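Structural characterization, general
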Amino acid sequence: MKPFLYVTDLHGHAAKYERTFTLAKESAAALVINGGDISPSGRRHEDQERFYRTFLGPHFARYQEEGIRYLALTGNDDLGAFDGLLDEICAGYPLVTHLSRRMAQVGDHHFVGLDLVTDFPFRLKDRARRDAAGFAFGPQFGAGVLSTRTGFREIPDWPAYAGTLPTIEEELGALPKPPDPARAVYVLHGPPSGLGLDTIRGGAGVGSAATLAFLGRVQPLLSLHGHIHESPEESGTWRAKVGRTVSLQPGQSAAGLTVVIGRLDEMAFERKILPVE
Ligand SMILES: [Zn+2]
């Protein structure tokens, strides 16, 4: 079986996208999975829209030409207002799928994606949710905002507003159900708690207890996460097990492209940090 590549939190870094594409060809990968926070950081509308239109569309065209399948998830730094634009772009390439809250079949494996994350201090709340009922909100950097196509809409009382939204636990439960969990891969931008896959600078864990419980109950073949770029450096861990499920969170290093080369038939995974310009 041909390998797959997993990258996450590329944040619009063109050289990292290019290196991923080159590696996909070099390693004869059948599939590339992008785990979210795909567009430039800074949450600026003009940067993200330009990135989708002038970079990502043509970039996907090259995967299409090479016959390499591509699954793209969004993350908390990707403005939700452009999800429709991402759909439009992906629709132009049969081999490219926008996986957020959707399921895609590749070979005899099903992939299911969730872009949403457990609430955090950052102001952009497009993809933030309470983890479960009774969630205790942490300190906030300011009033919450939601993106629109032209700007941001402020939410005066974020905890009250979040209380009207489904929790991560409920969002996980509402995802499409793969026919055979033992052959399913969940691509969940937020990492589970308690495994060292969610460690921020200073050593605190900010992962999702609801996600850990979900993986323990559903027992997919594999789960792929991102969100906390520095976690592997902080905890020394990028892979863990939840019962039979293997969970990977490679992070994303400032030193180069962090990428996992994986083989589902052997359940063999290698994390690399490759230099980029
Ligand atoms: Zn990120």
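Check the entry above for the structure.
So, here is what we can say about the structure in this document.

Of the regular secondary structure elements, the chain holds seven helices and 16 strands. The C-alpha radius of gyration computed for the chain amounts to 17 Å, which stays within 12% of the reference 19 Å derived for 277 residues, consistent with globular compactness. Taken over 277 residues, the chain has a buried fraction of 57%. Nonlocal contacts in the chain, meaning residues at least 24 apart in sequence, comprise 68% of its contacts between residues at least 6 apart. For the chain, the centre of its 29 positive side-chain charges and the centre of its 33 negative side-chain charges are spaced 2 Å apart.

The next thing to look at is the sheet that holds strand 15 (residues 257–263). On the basis of which strands lie adjacent, the open sheet formed by six strands has the order 4-3-2-1-15-16 and mixed pairing. Both edges of this open sheet fall to strand 4 (96–98) and strand 16 (268–274), since each of them pairs with a single strand only. Ignoring strand direction, the axes of neighbouring strands in this sheet form an average angle of 20°. For strand 15 and strand 16, the ladder comprises seven bridges, and the chain directions are antiparallel. The residue of strand 16 that forms the bridge with Val259 is Lys272.

Our next topic: the coordination of the zinc ion. The textbook angles at a metal center are 109.5 degrees for a tetrahedron of four donors and 90 or 180 degrees for an octahedron of six. Distances from the zinc ion to its protein donors, Asp9 (OD), His11 (NE2), Asp37 (OD) and His229 (NE2), fall at 2.1 to 2.3 Å. Here the zinc ion is ringed by four donor atoms whose angles at the metal span 88 to 172°, and the overall shape comes out irregular. Ordering the donors of the zinc ion by residue number gives the pattern D-x1-H-x25-D-x191-H. Highlighted residues: Asp9 in the loop between strand 1 (4–7) and helix 1 (14–26) and Asp37 in the loop between strand 2 (31–34) and helix 2 (45–66), separated in sequence by 28 residues.

All right, on to the environment of Glu266 then. With respect to the helices, strands and loops of the structure, Glu266 is situated in the loop between strand 15 and strand 16. Each C-alpha atom of the pair Glu266 and Val276 lies 29 Å from the other, and the pair is ten residues apart in sequence.

Evaluation of the coordinates by the stated rule reveals 16 salt bridges. Lys125 is the partner of Asp119 in a salt bridge, and the nearest nitrogen-oxygen pair spans 2.9 Å. The exposure classification of Asp119 matches that of Lys125, with both residues buried. The partner of Arg201 in a salt bridge is Glu233, with the nearest N and O atoms 3.6 Å apart. Residue Arg201 is located in the loop between strand 11 (184–188) and helix 6 (209–218), and its partner Glu233 is located in helix 7 (residues 231–235); the two are separated by 32 residues in the primary sequence. Of the residues examined, Glu233 reaches a relative accessible area of 52% and is grouped as exposed. Overlapping salt bridges, with partners in common, bring together Asp83, Arg101, Asp115 and Arg127 in one network.

With that settled, consider the sheet that holds strand 6 (residues 109–114). With mixed pairing, the six strands of this open sheet are ordered in space as 5-6-11-12-14-13. Of all the strands in the sheet, the pair left with one neighbour each is strand 5 (103–106) and strand 13 (239–242). Averaged over all neighbouring strand pairs, the angle between strand axes comes to 20°, with direction disregarded. Across three bridges, the pairing between strand 12 (residues 222–224) and strand 14 (residues 245–248) is parallel. Bridging across to strand 14, Leu224 finds its partner in Leu248. Relative to strand 11, helix 6 is tilted by about 175°, and along the sheet it contacts strand 11, strand 12, strand 13 and strand 14.

Along the polypeptide, His225 turns up in the loop between strand 12 and helix 7. At 3.1 Å, the side chain of His225 and the backbone oxygen of Leu188 are in polar contact.

Once that is clear, we can look at the packing of aromatic side chains. Across all of its chains, the model carries 15 aromatic pairs by this definition. Residues Phe120 and Phe122 carry aromatic rings whose centres are separated by 5.4 Å and whose planes lie at 70° to one another, so their mutual orientation is edge-to-face. The exposure class of Phe120 is buried, given its relative accessible area of 8%. With centroids separated by 5.5 Å and ring planes inclined at 70°, the aromatic side chains of Phe122 and Phe141 adopt a geometry described as edge-to-face. Remark: Phe141 occurs in the loop between strand 8 (128–129) and strand 9 (144–147) and Phe122 occurs in the loop between strand 7 (117–118) and strand 8; sequence separation between them is 19 residues. Residue Phe141 is classed as exposed on the basis of its relative accessible area, which comes to 59%.

This brings us to the pairing of strand 15. Most of strand 15 sits inside the fold, with six of its seven residues counted as buried. Here strand 1 pairs with strand 15 via three bridges, running antiparallel. Looking across to strand 15, one finds that Leu5 is bridged to Ile261.

Scoring rules and cut-offs
- Residues numbered from 1 in each chain as written.
- Predicted model: local features only at pLDDT ≥ 70, side-chain atom pairs only at ≥ 80, totals over all residues.
- Heavy atoms only, no water.
- Helix = DSSP H or I, 4+ residues; strand = E, 2+ residues; numbered from the N terminus.
- Rg over C-alpha atoms; globule rule 2.2 N^0.38 Å.
- Buried < 20%, exposed > 50% of the residue type's maximum accessible area, 1.4 Å probe, protein only.
- Contact = heavy atoms within 4.5 Å.
- Lys, Arg positive; Asp, Glu negative; His and termini not counted.
- Charge placed at Lys NZ, Arg CZ, Asp CG, Glu CD.
- Pairing = 2+ DSSP bridges.
- Axes fitted to C-alpha atoms, helices over the stretch in contact; angles between N-to-C directions.
- Donors = N, O, S within 2.8 Å, 3.2 Å for Na, K, Ca; no water.
- Tetrahedral: all angles 85-135°; square planar, octahedral: opposite > 155°, others 65-115°.
- Salt bridge = Lys/Arg side-chain N within 4 Å of Asp/Glu carboxyl O.
- Polar contact = N/O pair within 3.5 Å; in protein donor to acceptor, adjacent residues only side chain to side chain.
- Phe/Tyr/Trp six-rings, centres within 6.5 Å; stacked < 30°, edge-to-face > 60°.

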